[in-house]
Amino acid sequence: MHVRPAAAAAAAFLGLALTLLGGTASQAAAGPGTGPGPAALGGPVVYAHRGASAYAPENTLEAVDLAMRLGFEWVENDVQRTRDGELVVIHDDTLARTTDVEELFPDRRPWRVKDFTAAEIARLDAGGWFGEEYAGAGVPTLRQYLDRVRRNQQRLLLEIKKPELYPGIEEQTLRVLDEAGWLDRRRVSGRLVVQSFSADSVRTVHALRPDLVTAFLGTPKVADLAAYAEFTDRINPWHTTISAEWVAAVHGLLGAHGRPMEVDTWIVDDAATARKVQEMGVDGIITNAPDVVREAVGGF
Ligand code: G3P
Ligand code: CA
C-alpha cells in the first residue's frame, strides 16, 4: 500500500481521536484479508524486531512479552535447527554472542547452533548478556515461541534464517506452525508472514503453502522485481538501500496473491530515519525500538 500525505493526515487524526476516546495503542494488521490497518490509513505497520530487542534480550519470550506490553502486535524472529532436529529461535548461527555457551561448553568452539542438541541449548542463559534482570531467559524452541505469541494475541513475522544450513527447514517450519495452530485460515490470512534472505526458501514456502503471505529479504533491481512477484507478496529491504522510486516500483507490481506488493524495511531505530522511510512510502518498519518508531511515524 502506498503512503499518501492526505491518508497520513487522516491517520494522525484518527490516532488522536482514538487516544481521546481511550482507544488502545496496539498495532493493527496488514496483509491479505486483514482489512484496512494503519498502512491503509497512512502509518506504516511497526514490527518489533527480534521482539522489543532494544530493551530485552533478542528472540526471547521476554522480548515478545515486552513488545506486547508496549502495545505492539507484530514481532519478528529468526528460526534455526539444532543437531537433533528441533527448531529454535535465535539469530546468529552460533550461540556465542547471545548465550553463556562458552562458559558451559568451553570445548565446543565455534558453538554452532546446528552442533548442539535441544537439551544442551535448553541449559543456556540467553538473557544474562543483556542485563542481570534477564538472567535465566532461555533460547526458545519455535513451538514455545509460537505458543507465547499466540497466547499474547500477537502476530508473527517469521524469518527462516540461513536455510542453506538446514535442508528441509521450510517444510519442518510449516509442520511446527501447523501443529501449533498457526496455519488455520484466520492466522494465515492476517497474523503470519514468513520471510527469508533466500529466494529459494521463500519460493519453497510459497509452493508448500500458497495461501501463506511471504516476503523476500533484500533489494532486487527493479528489472528483476517481476520475477519475485511470481512467488512472494513483499520485498523487505535494508533501509539504506531504497528510494521512493524503488518502493513505487515494488508497489506497481501484483504479488503472488494478486495484490500490490508491499515493502517492510529494516532496521530503523531512530525517528529521523523512520520519517524518511515513511516518506518513501514503505508499508512497514521493522525496528528494535518500536516505541521510538511509533512516536515518529504516528502509527497506532
Ligand atoms: O526482519 C528483517 C531483519 O531481521 C533482517 O536482518 O540479520 O536482523 O535477521 P537480521
Ligand atoms: Ca531476522
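Residues numbered from 1 in each chain as written. Chains lettered and ligands numbered in written order. Predicted model: local features only at pLDDT ≥ 70, side-chain atom pairs only at ≥ 80, totals over all residues. Heavy atoms only, no water.

A few points about the site of ligand 1
1) Next: Contacts to ligand 1 come from 13 residues, most closely from His49, Arg50, Glu76, His91 and Lys161.
2) Next: The side chain of arginine 50 places a nitrogen or oxygen atom 2.7 Å from an oxygen atom of ligand 1.
3) Next: Between ligand 1 and aspartate 78 there is a distance of 3.3 Å, counted from an oxygen atom to a side-chain nitrogen or oxygen.
4) Next: For ligand 1, whose unbound accessible area comes to 290 Å², protein coverage reaches 92%.
5) Next: Of the residues contributing to the shell around ligand 1, the split by class is five nonpolar, three polar and five charged. (Near = heavy atom within 4 Å. Polar contact = N/O pair within 3.5 Å; in protein donor to acceptor, adjacent residues only side chain to side chain. Areas by Shrake-Rupley, 256 points an atom, 1.4 Å probe, with all protein chains shown as cover. Nonpolar A, V, L, I, M, F, W, Y, C, P; charged D, E, K, R; others polar.)

Comments concerning the packing of helix α3 (residues 61-70) against helix α6 (residues 142-151)
Relative orientation and spacing of two packed helices are given, respectively, by the angle between their axes and the distance between those axes.
1) Next: Contact geometry for α3 and α6: axes closest at 10 Å, N-to-C directions at 15°. The angle between α3 and α6 places the two elements in the roughly parallel class. Seen along the crossing, α3 lies across α6 with a hand that is right-handed. Contacts between α3 and α6 pair Leu61, Val64 and Asp65 from the former with Gln144, Tyr145, Arg148 and Val149 from the latter.
2) Next: Of the residues assigned to the contact of α3 with α6, the class counts are four nonpolar, one polar and two charged. (Axes fitted to C-alpha atoms, helices over the stretch in contact; angles between N-to-C directions. Helix = DSSP H or I, 4+ residues; strand = E, 2+ residues; numbered from the N terminus. Parallel < 35°, antiparallel > 145°, perpendicular 65-115°, else oblique. Left-handed = near helix turned anticlockwise from the far one by under 90°. Contact = heavy atoms within 4.5 Å.)

With respect to α6
1) Next: Among all positions of α6, only Leu142, Tyr145, Leu146 and Val149 are buried. Viewed end-on, α6 has its buried residues packed into an arc of 100°, placing them on one side of the element.
2) Next: The inward-facing, buried residues of α6 contact α3, β2 (74-81), β3 (87-89), β4 (155-160) and α7 (169-179).
3) Next: Just past α6, the residue glutamine 153 takes up positive phi, approximately 60°. (Buried < 20%, exposed > 50% of the residue type's maximum accessible area, 1.4 Å probe, protein only. Arc of directions from axis to C-beta.)

Things to note about the packing of aromatic side chains
1) Next: Counted according to the given criterion, the structure contains seven aromatic pairs.
2) Next: Ring geometry for tyrosine 47 against tryptophan 74: centres 5.2 Å apart, planes inclined by 50°, an arrangement best described as tilted. You can see tyrosine 47 sitting in strand β1 (residues 45-48) and its partner tryptophan 74 sitting in strand β2, a full 27 residues away along the chain. Take tyrosine 47 and tryptophan 74: they sit in the same class, and that class is buried.
3) Next: Where tyrosine 228 meets phenylalanine 231, the ring centres are 5.8 Å apart and the plane angle is 45°; that geometry is what we call tilted.
4) Next: Judged by relative accessible area, phenylalanine 231 falls into the buried class, the value being 5%.
5) Next: Sitting over the ring of phenylalanine 116, arginine 108 keeps its end group 4.1 Å from the ring centre.
6) Next: Here the guanidinium or amino end of arginine 203 rests over the ring plane of phenylalanine 231, the centre of that ring lying 4.5 Å away. (Phe/Tyr/Trp six-rings, centres within 6.5 Å; stacked < 30°, edge-to-face > 60°. Lys NZ or Arg CZ within 6 Å of the ring centre and 35° of its normal.)

Description of the coordination of the calcium ion (ligand 2)
1) Next: For the calcium ion (ligand 2), the protein coordination sphere consists of Glu76 (OE), Asp78 (OD) and Glu159 (OE), at 2.1 to 2.3 Å.
2) Next: The sequence pattern describing where the donors of the calcium ion (ligand 2) fall on their chain is E-x1-D-x80-E. With a gap of 83 residues between them, glutamate 76 in strand β2 and glutamate 159 in strand β4 connect regions that are remote in the sequence. (Donors = N, O, S within 2.8 Å, 3.2 Å for Na, K, Ca; no water.)

Some thoughts on α7
1) Next: If you check which residues of α7 are buried, you get Ile169, Glu170, Gln172, Thr173, Leu174, Val176 and Leu177.
2) Next: Taken together, the buried residues of α7 touch β2, β3, α6, β4, β5 (192-196) and α9 (199-208).

Focus on the packing of helix α12 (residues 271-280) against helix α13 (residues 290-297)
1) Next: Running from N to C, α12 and α13 cross one another at 55°; their axes reach a closest spacing of 8 Å. One way to sum up the angle between α12 and α13 is to call them oblique. Relative to α13, α12 is oriented so that their crossing is right-handed. Contacts between α12 and α13 involve Ala271, Ala274, Arg275 and Gln278 on the former and, on the latter, Val292, Val293, Ala296 and Val297.
2) Next: Its residues assigned to classes, the contact of α12 with α13 comprises six nonpolar, one polar and one charged.

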